[in-house]
Amino acid sequence: MRIGTTSLTICDIELTAQKPLPKGYPVNPASFGDYIRQYRMAHCYSAFELSLELDVYESTIYKWEYGKSKPTPKNIQKIIEFMGYDPRIHNPLKIENYELT
């Protein structure tokens, strides 16, 4: 060791980690509302922004997400078009819980 000198260690370390899921994110969605909330959170939409896209009230989005009401067939079609897939068959194990329209 020499006095007055500095030694530097150079190394390439790359740390990677998955971003934590947002609070309330449904990891294992079981209902239509869970899929809506999962999509909304994964794509960084607020309930208000999603309500504008689907032409419904913000409170309607929350009612769907928390199982207080179910989307009408007209709204289901809007949701499918917006999301790009049908959440009722996105998880084939749960398909018996939904009536296909």
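Look up: the structure comes first, before these words.
Summarised in this report is the structure supplied together with it. (Residues numbered from 1 in each chain as written. Predicted model: local features only at pLDDT ≥ 70, side-chain atom pairs only at ≥ 80, totals over all residues. Heavy atoms only, no water.)

## Focus on the packing of aromatic side chains
The line we're drawing: Here a Phe, Tyr or Trp ring, Trp counted by its six-membered ring, pairs with any other such ring whose centre lies within 6.5 Å, and the pair is stacked when the planes are under 30 degrees apart, edge-to-face when over 60, and tilted otherwise. Secondary structure is summarised from DSSP: a helix means a run of H or I of at least four residues, a strand means a run of E of at least two, and numbering begins at the N terminus for each. The criterion for a charge sitting over a ring is simple: Lys NZ or Arg CZ within 6 Å of the ring centre, and within 35 degrees of the ring normal.
Following the criterion strictly, the structure yields three aromatic pairs and no others. When the ring of tyrosine 45 is compared with that of phenylalanine 82, the centres are 5.3 Å apart and the planes differ by 70 degrees; the resulting orientation is edge-to-face. With a gap of 37 residues between them, tyrosine 45 in the loop between helix H1 (32-42) and helix H2 (47-54) and phenylalanine 82 in helix H4 (residues 73-83) connect regions that are remote in the sequence. It is arginine 37 that lies over the ring of tyrosine 66; its NZ or CZ is 4.9 Å from the centre.

## A closer look at empty space enclosed by the protein
Let me state the cut-off plainly: Here a cavity means grid points, on a 1 Å grid over the protein atoms only, where a 1.4 Å probe fits yet cannot get out; a pocket means an open set of points with protein on both sides within 12 Å along at least five of seven lines; lining residues are those with an atom within 4 Å of a point. Grid points are joined across faces, edges and corners, and a volume is the space filled by probe spheres set on the points.
A complete count under the given rule lists one cavity of 30 Å³ or more for this structure. Counted as a void, the largest cavity has a volume near 40 Å³. If you trace the largest cavity, you find it lined by Ile36, Tyr39, Arg40, Leu50, Leu54, Ile79, Phe82 and Met83. Only H1, H2 and H4 provide two or more residues apiece to the lining of the largest cavity.

## Digging into the pattern of salt bridges
Going by this rule: By definition, a salt bridge exists where a carboxyl oxygen of Asp or Glu is found within 4 Å of a side-chain nitrogen of Lys or Arg. Relative accessibility under 20% of the residue-type maximum defines a buried residue, over 50% an exposed one, and the middle range a partly exposed one, all with a 1.4 Å probe and only protein chains included.
Taken as a whole, this structure holds two salt bridges when the rule is applied. Between aspartate 34 and arginine 37 there is a salt bridge, with its nearest N and O atoms 3.0 Å apart. Here arginine 37 and aspartate 34 lie together in helix H1, a separation of three residues that amounts to about one turn. Look at arginine 37 and you get buried, because its relative accessible area is 9%. A salt bridge links glutamate 65 to arginine 40; the shortest N-O distance between them is 2.7 Å. Here glutamate 65, found in helix H3 (residues 58-65), pairs with arginine 40, found in helix H1; they are 25 residues apart in sequence, far enough to count as distant. Side by side, glutamate 65 and arginine 40 carry an identical accessibility label, which is buried.

## Structural notes on unusual backbone geometry
The phi dihedral of cysteine 44 falls on the positive side, at around 60 degrees, and the residue is not glycine. Considering the arrangement of structural elements, one finds cysteine 44 in the loop between H1 and H2. In the Ramachandran plot, aspartate 55 falls in the positive-phi region, its phi being about 60 degrees despite a non-glycine side chain. For aspartate 55, the location among the structural elements is in the loop between H2 and H3.

## Considering the environment of tryptophan 64
Put simply, the test is: By definition in these notes, contact holds between two residues if any of their heavy atoms fall within 4.5 Å.
Structurally, tryptophan 64 is set in helix H3. Along the chain, tryptophan 64 and aspartate 34 lie 30 residues apart, while their C-alpha atoms are 8.3 Å from each other. Filtering out sequence-adjacent residues up to four positions away, tryptophan 64 remains in contact with Gly33, Ile36, Leu54, Val56, Ser69, Lys70, Pro71, Asn75 and Ile79.

## Comments concerning the packing of H2 against H4
This is how it is decided: Angular values range over 0 to 180 degrees, each being the angle between N-to-C directions of two axes fitted as lines to C-alpha atoms, with helices fitted over their stretch in contact. Roughly parallel covers angles under 35 degrees, roughly antiparallel covers those over 145, roughly perpendicular covers 65 to 115, and oblique covers all other angles. Side-chain classes follow a simple rule in which Ala, Val, Leu, Ile, Met, Phe, Trp, Tyr, Cys and Pro form the nonpolar group, Asp, Glu, Lys and Arg form the charged group, and the remainder, Gly included, forms the polar group.
The N-to-C vectors of H2 and H4 enclose an angle of 110 degrees; their axes lie 10 Å apart at closest approach. Classed by the angle they form, the pair H2 and H4 counts as roughly perpendicular. When H2 is examined against H4, the residues Leu50, Glu53 and Leu54 are found in contact with a partner set consisting of Asn75, Lys78, Ile79 and Phe82. For the contact of H2 with H4, a count of residues per class yields four nonpolar, one polar and two charged.

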